[in-house]
Structures are given as C-alpha cells and as structure tokens.
Amino acid sequence: MALQFEVVGRFNRARASKLTLPHYVVQTPMFMPVGTQGTIKGLTNSQLEDIGCQIILGNTYHLALRPGAELIDELGGLHKFMNWKRALLTDSGGFQMVSLLHLADITEEGVTFQSPVDGKPMLLTPEESIQIQNKIGADIIMALDDVVRTTITGPRIEEAMYRTLRWMDRCIAAHKRPDAQNLFGIVQGGLDPVLRDICVRGLVERNLPGYAIGGLAGGEDKDSFWRVVAQCTAALPEDKPRYVMGVGYPLDIVVCSALGADMYDCVYPTRTARFGTALVPEGVLKLKHNAMASDERPIDSTCSCMVCKNYSRAYIHSLVTRDAMGSQLLSYHNLSYMMRLSKDLHMSIVEGRFPEYVRGFLRTQFPKGDVPQWVCNAMEVAGIDISSCCAPVPV
Amino acid sequence: MRFVVTKPSAGAGVAGKARLGALYLGGGAAPPIETPALVVPTRRGLPSFISRDLLDRLPYPDSLLLHLSPIHFVECPSTRTIKNIGGVHQMVGLQDHFFIASPGDSVESLPEHEGTNKIGAAFETPSGRRLINPKDYMEIISSTRPNLWASLADEVPAWVTEKRNRLSIDRTLKWLDDCLSLDQEKGVSTLGAVVGGSNIENRKRCATEVSMRNVSGFYLGGFGLGESIEERSALLNAVTDILPEEKIRFVSRLGLPEEVLQGVAAGIDLFDSTYIYHLTLGGFALVFPLDLLGEAPEALLRNSSSDYTKINLHATIYRKDTSPIVDKCSCYTCQNHTRAYLNHLLNVHEMLAQILLEIHNTHHFLGFFRSIRQVLKQEKFELFRQRFMESRRVHLTEALS
Ligand SMILES: [Zn+2]
Ligand SMILES: [Zn+2]
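Just so it is clear, the model here is predicted, and its values are computed rather than measured.

Bringing the overall build of chain A into the picture now. Scanning chain A from terminus to terminus reveals 17 helices and 16 strands. The C-alpha atoms of chain A give 21 Å as radius of gyration, which agrees with the globular expectation for 395 residues (21 Å, within 12%). With respect to the three principal axes, the spread of C-alpha positions in chain A is 60 × 45 × 35 Å. Residues classed as buried in chain A amount to 62% of the 395 residues present. Residue pairs at least 24 apart in sequence account for 67% of intrachain contacts in chain A once pairs closer than 6 positions are excluded. For chain A, the exposed area adds up to about 14900 Å²; of that, 53% sits on carbon and sulfur atoms. Charged side chains of chain A number 39 positive and 42 negative; the gap between the two group centres comes to 4 Å.

Rendered as structure tokens:
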C-alpha cells in the first residue's frame, strides 16, 4: 500500500480527509479533473496548480494508443512526461473501450476490441491493463472491471459483477509496483443491492488501498444512483478512500460527499466549458446567450479566479465558440469552481458546519425551494436536515 | 504618447536607415518601449492562446506592446458595452499593457480591396464581408481607446491597376481627414496611414500628403500583399525618405525574420506580425540563434535543423526528444516541457500544444527584436543581418542539394 488515509473531520457519514499519495497530499472530498491525453484541455500545469488541482486523471486507453505506454515508461513515467508534480490517477482503459468502441466484446479473457489504428482485433486483459498502468506510473491505478450499462438488467449484471471480482485477483497478481502505486478495486453490481453487497464484501476481503464505486452516472435514475452510493459507502471500510467514478455535477458531488464518498472525476466541467457554459453557485450560465453580449458583470461575482477578477460576461460572450481563448477561460473558471467546491466541502466538514454548508448550497441552487425529491431522500439518510431549503416559498 | 529617436540612422550602407527609439506610452512610472519592437498579435485584445497570467511571464517590458484590430469588435461587444467597461485595457484585463490599433490583420480581418468603395473599407471576416466607414471605425477606436491607432486605409495588393492604386491613395487620405475630424484627441494618438501599392511615385505622393497632416506617427499599409521582397526595400525607403525623422513608423504584415530585418534597415520602428500565430498553428517552433555575433556561423548551421529558423514539432524525430525546444531558453515552455511532450500534444490535437508554442514563439521573437536593438547599439546591425541571411541561404542550399 502506497498511501495514508487520515480522516480529519466528520459529520455523520460525511468525512474530510488527508490522503497522502506518493506524489502529493490530497484533501478530500476532491474533484479530479480529467486529463485524457496527458493534459487538461486548454490549461497549463501552472494554472492547474494556481487553482488548487491536487490530483488529475489520465485515460489509459488513450495514453496507450498515443504516445504509447512504452514511450511514457522510457521517458520516465507520465509525471515526468507531462511535468506534473502532483498526484495522478489512471483508469483501467476498459470503460473507454466499451463506451467509445461499439465493437468491444467482453470474454473471460478480457476486452476484445478493434484497433482504431489498423482495425485489427485486439485484446485488453486485466494483466495488460495493470502492466500498462505500471508503466504510466500514476499514484492510483484502477483494476480492469467488466462494465455494463446501469440501464441493463438481467443475468448479464450478475455475470459482470462476478467477473469483476475474478479479474480483481488477476490485477492484484499482475501488479508489479504496489509500493509506489495504489491499486483500487471497483464495486460493480448494477442497481441490484444484493449484487452490490456481494461485490463490496469480495473487494473488502482483498484489503485494497482504496475502493471505487463503478457503473454509475450512466443514465440511471437519480434515486437509484444515490441508493447505490449510500449502500456502498456504508459497507466500505472507514479507513480507506472511496471514489465515485464518472460523477461531476456539483449537486451529485455534494450529495455523495454527505453519504461518505471522497473522490470524483468527470469531463463535465471542461467539456461544458467548450460549449460555452460556466458553472456558478446558482447552477449554470450559458455565455452564448444573447443577453450576455451586454452583461458587464463577471461570470460569478463570488468567484475570485483569474477569469472572474478580470473579465466581463460580455467579453467572454464575444470569445466563446469563436476563439480558443473562450474555452480556455471558461475551463479555467469551471475547474476553479470545482476546486472551490471541493475545498468548501472539506473545510465545512473540518470546521463542523457541514449541514449549514449543504443548506446554503441547496438554497442557492434551488431558490424557489424546489429541491429534487431524490436529494431530500439522500439527505435524510445522510442525517442532514434540509427542511428549511425545501419549504414552500410564500407567494 | 511620446517618441524619441535615441540613436538616429547612420545614413550609410545597406542598413543605413536603421534607428533606435524609445516609445513612452504609459504615465510617468511606465517604462519606455525600446524600438525596433514587435507589436504582439492578438485576437479581440488577447494573444490567441496566451491568457493574462501566462502573458505576465513573457519578457518585460517588451511584451507590453499588443496589437489590436478594431475589426474584431465589429460584431460584439457593442461599442457602448466596451465604453461602459472602460475600453480595451479594462475589458481584457491588461491595464498595464499598451495597445496599438490598425485596421486589419492577416488572420481574420483581411482587407478586401474588391469590396472596398468610396463609403468604406471592406474586410473579410469569419462572419462574412464587412464594410467599415470612418465613422464606424472611429466609434470602435473611441470606445476601445487604444494607446495608438492607425487611420482607416484602403489597402490594395501589388497587382492592382495604376488607376485603382491612385484611388486607394485618395480614399486613404480622405479617410485620414475624416478620422481626424472625428477624433476627440485631435490626432495625439494617431498614426496616419500611408499606402500606394508597389508604385514608388504613388508611395511618395501618399507619404508627402500624410506628413502634412497633424498625426503623431505613421502606419505603412499595403505591404505583405503580393509585392516581391526585392522591390519592397525600394518601396519602404521611398516612404521613410519622406517621413519626418522624429515620428514613429509602424508597418503591418512584415513578419518573417528577414522581412523584419529589411524593415529595420529601412527605418521602421514597429512591426505587427501574425507570423507567430501561423507558426504556432502549423506546429512550428522558432529555434534560430539570437546571438549571431557571438558564435561562428558554421556552428549555427550544424546545430540547426529544418530550415534554420524553425523546427516542426510534428516530426517523428522529436518523439523521444527530451530536450527543450531551445536550450537555455528561459520561457515557460522550455523551462517546463520537452520536445517529446509537445510532439505528443500535437499528435493528439491538444490545445495545450498551441498555448506552449505561442509562449515560446512569442518569447523567442521578442528576443530576436532585443538582439536587433543590441546590435544597433553596437553598430553591428549590418553584420548581424548579413550573418542571418547567409546562414539562411547556406542552409537552403544544403537542403536543396
Ligand atoms: Zn471564476
Ligand atoms: Zn522557449
């Protein structure tokens, strides 16, 4: 195990922690920006450091294609290749194949897919995924899991869950650098509580450095989503980090953190930036909208990022979808927003004012008091009284 | 604005008209910009890929001088909004920088002489052809408030007829008078546009006329539009022979290193160039040595690759190259990243490639101008220019053989 996980504050199920990884000490709850190909789109490392990014994610599938794991290894690993001094996490590559390539086929051996380079059939086994990730050298690496869409039902879900456990053992056996890289297991089992339970137990038995909750954020209904998260976080060990994969909407992160999750990743903040949308405490702000053309205010007057300190909505409106700078500036702000959210969650838990923070967050997002029912249900389980946010507003 | 020629031209030799100057644009505390200088290209007031936090790391005060194309603001924000925000400096968050405006650029507001008529100048923009009259133009100028601005010009390519060329001069002169009459500052920040195509007599006539106007400097328009590099020296000299010594001269679209040297030799002080932008988009990085007088030219040739001035980082030879673009370059890119990483970013079409390349290329090109000023101080400009041209020629010959 190459990490230390120290809980520094709690509120009911929510926790704030200091996660010491080989390259950096990360404070959780933490959002991890996705740097698919060894870069966060449109931002330099110094900018990522300026806005408080502590750990970023690389996609094994993309990196293995270009520039290739051998090359990264030869040049000293991904940290050195991209000159990122803080923590890194790589995924297993399996999810990318299943979601990007329609022709992926999963067998007991591994994931078979058509090479996007020459169209030849290729096979990614658990052993190979770990081998590649060992070469890339991230602080946290992920086991190859059998991913199925959460909207699928029936025996396939069960098969995938058991296979994920069997592959876990192959990953553990293949892992050559447990002293320098932390292998996380991934809980599968669809929306079935029984299957999820079997999977959690199986993974916990294997005593891994950390655990991820997988197979979510794939179009399932929100009530099912939070119930799976709540079930898994309740059953996972207290002294290990918990990572909900693919989650990136600010509201989801607040809810999952209240339920005891610690880490998140999503392309949403940077992708939506490229389409001209800014994340703000109230929700989103569409900079392409005509009303922005004469709006002299900053994107978010409560944000102290470089973009909000210097630019008006009107100016950014003139850049979005025309100039690269438009998406650069919006990505910068959106990731600043996600880092501020992470920090606020951490600090409010440490300072014993987490419920107040959650209520303030919900009041800003839902000024009319129309907090979605699934959020109310989740908060009840999290032991956070949000009745004052849901009260009908007097007309 | 105040401009002082700190070292007048020697008046002899190939580089006889090259001169050094100091441009004071800020208040009392602002440092002067030494000329010859590069006016860093921008899109809507910001360099294409370098945001303000990264701009701060470029050489100071050289990087304070930015170009502004008023045509970029024809659509939005409205002049009223720009005025409310407080002008371009405030709008792009670069209060300490200096903006020099001239009508078009060579990226997204190209002068379109066929669409130009007596009402206004036409430009090809991403949203189609736009006709700008002096009143529109001055509205954008008075709302953006650049530190210096060139008057609206009818810039025509080298191949137009004599008649069309004469017409462009008449229009440009009329528009200068129109701009001046609409200018609240009465020409204090105005660079009068000089045109005349590739006809020496026309160039002279226009320069003479503009010199009689109440302007603070000159904008040499209509270059880089199809004239040959051989005829250009004579055209530039025909203009600078007439222009008063004490006023600043700004030329647009002469951006290649050898074109800059040609312009400096003809007595030009400011250069606006989208060269950096085009290099960056193509995946090129500038690598030519800046200290041409310190090293032996043969050594330079051995070290250089590609065409002597630049390398293309797309090339597979850089796949495993862990050296910076240029050894000892102090820019952010070279201090932090390798050629191998840039090669990867270009291969996977990541925007960071352009950000890092624009930083290095801007840094390097500002360094080139610094070297030019240095050799002018040492009175070795002619040698410097010769060495540069020779290395380039030798390299080209070798590349062809
Ligand atoms: Zn902001
Ligand atoms: Zn450099």
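Read on for the rest.
Once that is clear, we can look at unusual backbone geometry. In this model, Tyr-60 of chain B is joined to Pro-61 of chain B through a cis peptide bond whose omega is 0°. Inspection of the secondary structure puts Pro-61 of chain B in the loop between α1 (52-55) and β5 (65-68). Cis geometry is found at the peptide bond from Cys-76 of chain B to Pro-77 of chain B, where omega equals -5°. Of note, Pro-77 of chain B is situated in the loop between β5 and α2 (79-85). Phi at Asn-12 of chain A takes a positive value of approximately 50°, unusual for a residue other than glycine. Mapped onto the elements of the fold, Asn-12 of chain A is located in the loop between β1 (4-11) and β2 (14-20). Taking relative accessible area as the criterion, Asn-12 of chain A reaches 47% and is therefore assigned partly exposed.

This paragraph deals with the sheet that holds strand β7 (residues 105-106) of chain A. All names here are of chain A. Pairing is antiparallel in the open sheet, where 3 strands are placed in the order β7-β8-β9. The strands lining the two open edges of the sheet, one partner per strand, are β7 and β9 (121-124). As defined by bridge partners, strand β8 (residues 111-114) adjoins β9 across 4 bridges and the pair is classed as antiparallel. Its bridge partner being in β9, Phe-113 is matched across the sheet by Met-122.

All names here are of chain A. Around the zinc ion (ligand 1), the protein contributes the donor atoms Cys-303 (SG), Cys-305 (SG), Cys-308 (SG) and His-333 (ND1), at 2.1 to 2.3 Å from the metal centre. Coordination at the zinc ion (ligand 1) comes from 4 donor atoms whose angles at the metal span 98 to 118°, giving a geometry best classed as tetrahedral. Here the donor residues of the zinc ion (ligand 1) share one chain and are spaced in sequence as C-x1-C-x2-C-x24-H. The burial state of Cys-303 is the same as that of Cys-308; both residues are buried.

Let's shift gears to the coordination of the zinc ion (ligand 2). All names here are of chain B. Every protein donor of the zinc ion (ligand 2) is listed here as Cys-329 (SG), Cys-331 (SG), Cys-334 (SG) and His-360 (ND1), and their distances to the metal cover 2.1 to 2.3 Å. For the zinc ion (ligand 2), the 4 donor atoms are set out with angles of 101 to 114° between them, so the coordination reads as tetrahedral. Read in sequence order, the donor residues for the zinc ion (ligand 2) give the motif C-x1-C-x2-C-x25-H. Placement of the pair is Cys-334 in helix α11 (residues 332-336) and His-360 in helix α13 (residues 351-377), with a sequence separation of 26 residues. Judged by relative accessible area, which is 8%, Cys-334 ranks as buried.

In this assembly, 39 residues from chain A lie in contact with 42 residues from chain B. Of the roughly 3400 Å² buried at the junction of chain A and chain B (both faces included), carbon and sulfur atoms supply 55%. Per-residue buried area on chain A facing chain B is highest for Phe-81, Tyr-315 and Met-325 of chain A; these three make up 16% of the total on that side. A salt bridge links Arg-44 of chain B to Asp-323 of chain A; the shortest N-O distance between them is 2.8 Å. Here chain A is connected to chain B by 18 residue pairs in polar contact (both at pLDDT 80 or more).

A separate point is the pairing of strand β11 (residues 182-187) of chain A. All names here are of chain A. Of all 6 residues in β11, 6 are buried; the element is thus mostly enclosed. Judged by which residues are buried, β11 turns out to be covered on both faces: Asn-182, Phe-184 and Ile-186 on one side and Leu-183, Gly-185 and Val-187 on the other are all buried. Bridge count between strand β10 (residues 140-142) and β11: 3 bridges; the pairing is parallel. Paired with Ile-140 across the bridge in β11 is Asn-182. In this structure, β11 lies alongside strand β12 (residues 210-213), joined through 4 bridges in parallel fashion. Residue pairing in the sheet places Gly-185 in a bridge with Tyr-211 of β12. In this fold, β11 hands off to helix α8 (residues 193-205), which returns the chain to β12; that crossover is right-handed.

Attention now moves to the confidence of the model for chain B. Predicted coordinates in areas of low pLDDT are best not read in detail. This prediction gives chain B a mean pLDDT of 93; 94% of its residues lie at or above 70. Overall fold confidence for the complex sits at a pTM of 0.96, while the interface term, ipTM, reaches 0.97.

Here we take up the pattern of salt bridges. A full pass over the atoms with the stated rule returns 52 salt bridges over all chains. Lys-41 of chain A is the partner of Glu-350 of chain B in a salt bridge, and the nearest nitrogen-oxygen pair spans 2.6 Å. Linking Glu-350 of chain B in the loop between α12 (339-347) and α13 with Lys-41 of chain A in the loop between β4 (30-33) and α1 (45-50), this pair reaches from one chain into another. The class for Glu-350 of chain B is buried, based on a relative accessible area of 1%.

Within the largest apolar cluster, 255 residues are counted, with the highest numbers of intra-cluster contacts made by Tyr-243, Leu-362 and Met-379 of chain A together with Phe-368 of chain B. At 13 residues, α13 of chain B tops the list of elements feeding residues into this core. Ignoring anything within four residues of it in the chain, the contact list for Phe-368 of chain B reads Pro-257, Val-260, Leu-261, Phe-288, Leu-290, Phe-384 and Phe-388 of chain B.

Residues and elements named next belong to chain B. The 3 strands lie next to each other as β1-β2-β3, forming an open sheet whose pairing is antiparallel. The sheet terminates laterally at β1 (2-7) and β3 (33-35), the two strands that pair on one side only. Neighbour-to-neighbour, the strand axes of this sheet turn through a mean angle of 25°, independent of strand direction. With 5 bridges joining them, β1 and strand β2 (residues 20-24) adopt antiparallel strand pairing. Across the sheet, Arg-2 pairs through a bridge with Tyr-24, a residue of β2.

With that settled, the discussion passes to helix α14 (residues 324-350) of chain A. Residue and element names in this part refer to chain A. Along its 27 residues, α14 runs 39 Å from first to last C-alpha, staying within 8% of the 39 Å computed at 1.5 Å per residue. Counting buried positions over the 27 residues of α14 gives 21, a clear majority of the element. Following α14 by one or two positions, Gly-352 adopts a phi angle in the positive range, close to 70°.

Attention shifts here to the layout of surface pockets. All names here are of chain A. One number sums up the size of the largest pocket: a volume of about 1200 Å³. Taken together, 48 residues line the largest pocket, and the ones lying closest to its centre are Phe-95, Gln-96, Ser-99, Gly-246 and Val-267. When contributions to the lining of the largest pocket are tallied by element, the ones reaching two or more residues are α5 (94-100), α9 (222-235), β14 (263-266) and α11 (268-274). With 5 residues, α5 is the largest single contributor of residues to the lining of the largest pocket. Its residues assigned to classes, the lining of the largest pocket shows 18 nonpolar, 18 polar and 12 charged.

Residues and elements named next belong to chain A. Mapped onto the elements of the fold, Gly-260 is located in the loop between α10 (250-258) and β14. Of the residues examined, Gly-260 reaches a relative accessible area of 0% and is grouped as buried. Sequence spacing of Gly-260 and Arg-15 is 245 residues, and the spatial spacing of their C-alpha atoms is 6.0 Å. With residues near it in sequence (within four places) discarded, Gly-260 still touches Arg-13, Ala-14, Arg-15, Thr-233 and Arg-242.

Reading the values: the criteria
- Residues numbered from 1 in each chain as written.
- Chains lettered and ligands numbered in written order.
- Predicted model: local features only at pLDDT ≥ 70, side-chain atom pairs only at ≥ 80, totals over all residues.
- Heavy atoms only, no water.
- Helix = DSSP H or I, 4+ residues; strand = E, 2+ residues; numbered from the N terminus.
- Rg over C-alpha atoms; globule rule 2.2 N^0.38 Å.
- Buried < 20%, exposed > 50% of the residue type's maximum accessible area, 1.4 Å probe, protein only.
- Contact = heavy atoms within 4.5 Å.
- Areas by Shrake-Rupley, 256 points an atom, 1.4 Å probe, with all protein chains shown as cover.
- Lys, Arg positive; Asp, Glu negative; His and termini not counted.
- Charge placed at Lys NZ, Arg CZ, Asp CG, Glu CD.
- Pairing = 2+ DSSP bridges.
- Donors = N, O, S within 2.8 Å, 3.2 Å for Na, K, Ca; no water.
- Tetrahedral: all angles 85-135°; square planar, octahedral: opposite > 155°, others 65-115°.
- Buried area = accessible area lost by both parts, 1.4 Å probe.
- Salt bridge = Lys/Arg side-chain N within 4 Å of Asp/Glu carboxyl O.
- Polar contact = N/O pair within 3.5 Å; in protein donor to acceptor, adjacent residues only side chain to side chain.
- Right-handed = clockwise from strand over helix to strand, strands pointing away.
- pLDDT = per-residue confidence, 0-100.
- Core = buried A, V, L, I, M, F, W, Y, C linked by side-chain atoms within 4.5 Å.
- Axes fitted to C-alpha atoms, helices over the stretch in contact; angles between N-to-C directions.
- Expected span 1.5 Å × (residues − 1).
- 1 Å grid on protein atoms, 1.4 Å probe; cavity = no way out; pocket = protein on both sides within 12 Å on 5 of 7 lines; lining within 4 Å.
- Points joined across faces, edges and corners; volume = space filled by probe spheres on them.
- Nonpolar A, V, L, I, M, F, W, Y, C, P; charged D, E, K, R; others polar.

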